[in-house]
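Residue-level structural notes
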Amino acid sequence: ETRFRLEQFTCGIGLEFDDNKIISAKLSSTISPIAENLPTIDFTVTIENMDKYYNVDKEDSAINYVETGQELKVYWGYGLDDGTIEWFKGATLYMQEWSADDTTAKFSAVDKFEYMDDEYKRGEYRPEGISLYDLAVDVFEDANISEDGYWIDPYLKNITVQNPLPAVSHKQCLQLIANAGRSVLMQNAD
């Protein structure tokens, strides 16, 4: 009489680290108050590697399965008075670099904008005009970002432009669109 629901399903290697293995972690976020630059999130974590689980020389090492651009979810825990821990999502990031030695493994990850550096080449003059909203959708589509991966303020449907976007990276095009609409480009934990 009740439905069975899956809470989580993981295929392959899914690694979780808690404060027993994490030596240090640092998340830095920058945003320009005048929208001069793109917002950025950088994350680094150092893991204890005394069991040499992340050594490159080992055939079954977990480090052999780490790839550039691989998704990394960061959760922060807060200890409550009743002894439980309340978890909340800090960020969804993408692996950039990693290294390991006999004692530690270090991983660094960046935000989605860092990987949106392919060139946008669909800029064209539109004498009939196009809304900044539709232009942003076109940039996201060209960058292969699905509809559920972004949100655009509907207000941008009221602002039309005719000029083409230059042949620059997708992230720079989004910044130009935000600036033209006197908007802010930002990202959340998802």
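The structure under discussion appears in the preceding block.
Read on for an overview of the structure. (Residues numbered from 1 in each chain as written. Predicted model: local features only at pLDDT ≥ 70, side-chain atom pairs only at ≥ 80, totals over all residues. Heavy atoms only, no water.)

Looking at the packing of aromatic side chains
Remark: the centre distance and the inter-plane angle together describe each pair of aromatic rings, the angle taken between the planes. Let me state the cut-off plainly: In this scheme Phe, Tyr and Trp rings, the latter by its six-membered ring, pair at centre separations within 6.5 Å, and the angle between planes marks the pair as stacked below 30 degrees, edge-to-face above 60, and tilted otherwise. Runs of H or I in DSSP of at least four residues are treated as helices and runs of E of at least two as strands, each being numbered from the N terminus. When accessible area is computed with a 1.4 Å probe and restricted to protein chains, residues below 20% of their type maximum are described as buried, those above 50% as exposed, and intermediate ones as partly exposed. For a ring to carry a charge above it, either NZ of a lysine or CZ of an arginine must fall within 6 Å of the ring centroid while also lying within 35 degrees of the normal to the ring plane.
By the definition in use, this model includes four aromatic pairs. A centroid spacing of 5.9 Å and a plane angle of 80 degrees characterise the contact between Y54 and F107, whose relative ring orientation is edge-to-face. Here the residue Y54 occupies a position in the loop between β2 (40-48) and β3 (71-79), and F107 occupies one in strand β5 (residues 104-110), the gap between them amounting to 53 residues. For Y54, a relative accessible area of 3% puts it in the buried group. Between the NZ or CZ atom of K112 and the centre of the ring of Y94, over which it lies, the distance is 4.7 Å. One Lys or Arg, K157, reaches over the ring of Y133 and ends 4.7 Å from the middle of that ring.

Examining the sheet that holds β5
Where we set the bar: What makes two strands pair is DSSP finding at least two bridges between them. Inter-axis angles, ranging from 0 to 180 degrees, are taken between N-to-C directions of lines fitted to C-alpha atoms, where helices are fitted over the stretch in contact.
Pairing is antiparallel across the open sheet formed by five strands, whose spatial order is β1-β2-β5-β4-β3. Two strands close off the open sheet at either side, each with one partner strand: β1 (22-30) and β3. If you compare each strand with its neighbour and ignore which way they point, the axes differ by 35 degrees on average. In the sheet, β3 pairs with strand β4 (residues 85-100) via nine bridges, with the strands oriented antiparallel. Each residue of the ladder has a partner; that of W76, found in β4, is F88.

As far as function goes, none of this settles anything; it's purely spatial.
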